[in-house]
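A structural walkthrough
Given next are the chains, with one letter for each unit.
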Amino acid sequence: MMWAIPFAYALFLLLLVYRYATRRPRLSDYAPQAAGPLVSVIIPARNEAVNIEECVRSAAATDYQAVEVIVVDDRSSDGTAEIVERIAAALEARGGVRVGVGVRLVRGAELPVGWFGKQWAMVQGYRAARGELLLFMDADTRQHPELIPRAVRALELERVDLLSVLSHQEMISFWERLVQPHVFFALATRVGDLRRVNRTRVEWDAIASGQFILTTRAAYETVGTHESVRNIVVDDMALAQTFIRHHLDIFLTHAEEFMSTRMYRNLAGILEGWTKNFGTGIPLAFPPIPLVRRLAPYIMWLPALVWIAPPVLWALLGWAWAAWTTGISLLIWVMVYRVAKAPVRYALLYPVGAATVAYIMIRSALRGSRRIEWRGRSYRSV
């Protein structure tokens, strides 16, 4: 009977990994569309000097023929604005961005009371934009020239109002490589198959990646722009759910070949960033029942015990089934790391990665809606 435990465990986890490795839909299924409506690429940036040049240059190098890149400098103190101005001047001196419109800098106004900085920057970018299509991108992203052409094609073929793509996550430092695969595997397990999410009418199932959100101007204005989610930390998920409340369609697709993102560069960034996101994002992923949403952050760390318990029991008690289960888990994490394009040797430390994610989830639950420190500002989450 005890041998049935690792066998059932293996089948369950292999199913999760198979679904993770064969993710659909994929942006590569959509042929690139070189021409179409003007796309306004809006990039909010606060102290992004380390990222902004690669981000803007990759957006400007798109194969799409009608693009304006608008960077909204949100009161940066590290030279972000000067970098963008230099890029814009250099491109203009060379005759512009191919056949596109160009790169512009918008210097952000003072943050109003009741707003988060990112949402305020995106609304200012929207007000300056001229495009029929609006593309909101994070400053820590890099895109392939075919990203926008394929995304525009997908938006039109699927006849949806919001398209969001999931990018390849760059992992360079030790802690990035150890923790980030666990975070994204946990999120993928919660979300499940994107085909279940796409065109959903269940509000709490709706998600989007703020790293890339393409929408029509008409739909964006219908939902009230980012002003409708101005005081919510996880603005991307909240915006997607706002689309559902307005009976508009969302569509997500995997685009790891066409976009990459490096979210955090060290353990401190990982802890603060995911604590911020989990603390307010987890409740939104559950039905709007007050008790359920209050309890959710306190129990979401429990699945991590699936990875932590077997090696601990094997080490402490020497149980044979725990040893087999640990070995199965190790093989599974080797596969997960290969899919994530992270060094597979880090799979040897998978219990540490799982424990770190559990700690982040517990930390976020305990912090709750207390004041959040981010990019030099203090916020009260909602």
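Structure: above.
Residues numbered from 1 in each chain as written. Predicted model: local features only at pLDDT ≥ 70, side-chain atom pairs only at ≥ 80, totals over all residues. Heavy atoms only, no water.

Take the environment of V165 next. Relative to the helices and strands, V165 is located in strand β6 (residues 162–166). For V165, a relative accessible area of 0% translates into the label buried. Separated by 138 residues in sequence, V165 and L27 have C-alpha atoms that sit 7.8 Å apart. The contact partners of V165, leaving out residues within four places of it in the chain, are L27, L147, S209, F212, T253, A255 and M259. (Helix = DSSP H or I, 4+ residues; strand = E, 2+ residues; numbered from the N terminus. Buried < 20%, exposed > 50% of the residue type's maximum accessible area, 1.4 Å probe, protein only. Contact = heavy atoms within 4.5 Å.)

At a minimum axis separation of 9 Å, helix α6 (residues 174–191) and helix α14 (residues 350–367) run at an interaxial angle of 65°. By the angle between their axes, α6 is roughly perpendicular relative to α14. Where α6 crosses over α14, the two elements pack in a sense that is right-handed. Facing W175, L178, V179, H182 and V183 of α6, the residues of α14 in contact are Y350, V352, G353, A354, T356, V357 and I360. Tallied by class, residues from the contact of α6 with α14 come to nine nonpolar, three polar and no charged. (Axes fitted to C-alpha atoms, helices over the stretch in contact; angles between N-to-C directions. Parallel < 35°, antiparallel > 145°, perpendicular 65-115°, else oblique. Left-handed = near helix turned anticlockwise from the far one by under 90°. Nonpolar A, V, L, I, M, F, W, Y, C, P; charged D, E, K, R; others polar.)

Applying the stated criterion across every chain, the model contains 14 aromatic pairs. Residues F185 and W333 carry aromatic rings whose centres are separated by 5.4 Å and whose planes lie at 70° to one another, so their mutual orientation is edge-to-face. Pair noted here: F185 is in helix α6 and W333 is in helix α13 (residues 320–339), with a separation of 148 residues, a long-range link. Comparing F185 with W333, the two get one shared label, buried. On the basis of an interplanar angle of 75° and a centroid distance of 6.0 Å, the ring pair of Y264 and W274 is categorised as edge-to-face. With Y264 in the loop between β10 (259–261) and α10 (267–284) and W274 in helix α10, this pair connects stretches of sequence that are ten residues apart. Among the residues examined, W274 registers a relative accessible area of 6% and is labelled buried. Connected via pairs of aromatic rings, a cluster forms that spans F185, W307, W333, Y337 and Y350. (Phe/Tyr/Trp six-rings, centres within 6.5 Å; stacked < 30°, edge-to-face > 60°.)

A separate point is the packing of helix α12 (residues 305–317) against α13. Helices that pack against each other are described as a pair by the angle of their axes relative to one another and the distance between those axes. Running from N to C, α12 and α13 cross one another at 135°; their axes reach a closest spacing of 8 Å. The angle between the axes of α12 and α13 places the two elements in the oblique class. Read as a crossing pair, α12 and α13 show a hand that is left-handed. Where α12 abuts α13, its residues W307, P310, P311, L313 and W314 lie against W321, A322, A323, T325, T326, S329, I332 and W333.

Purely spatial values, then, with no claim about function.
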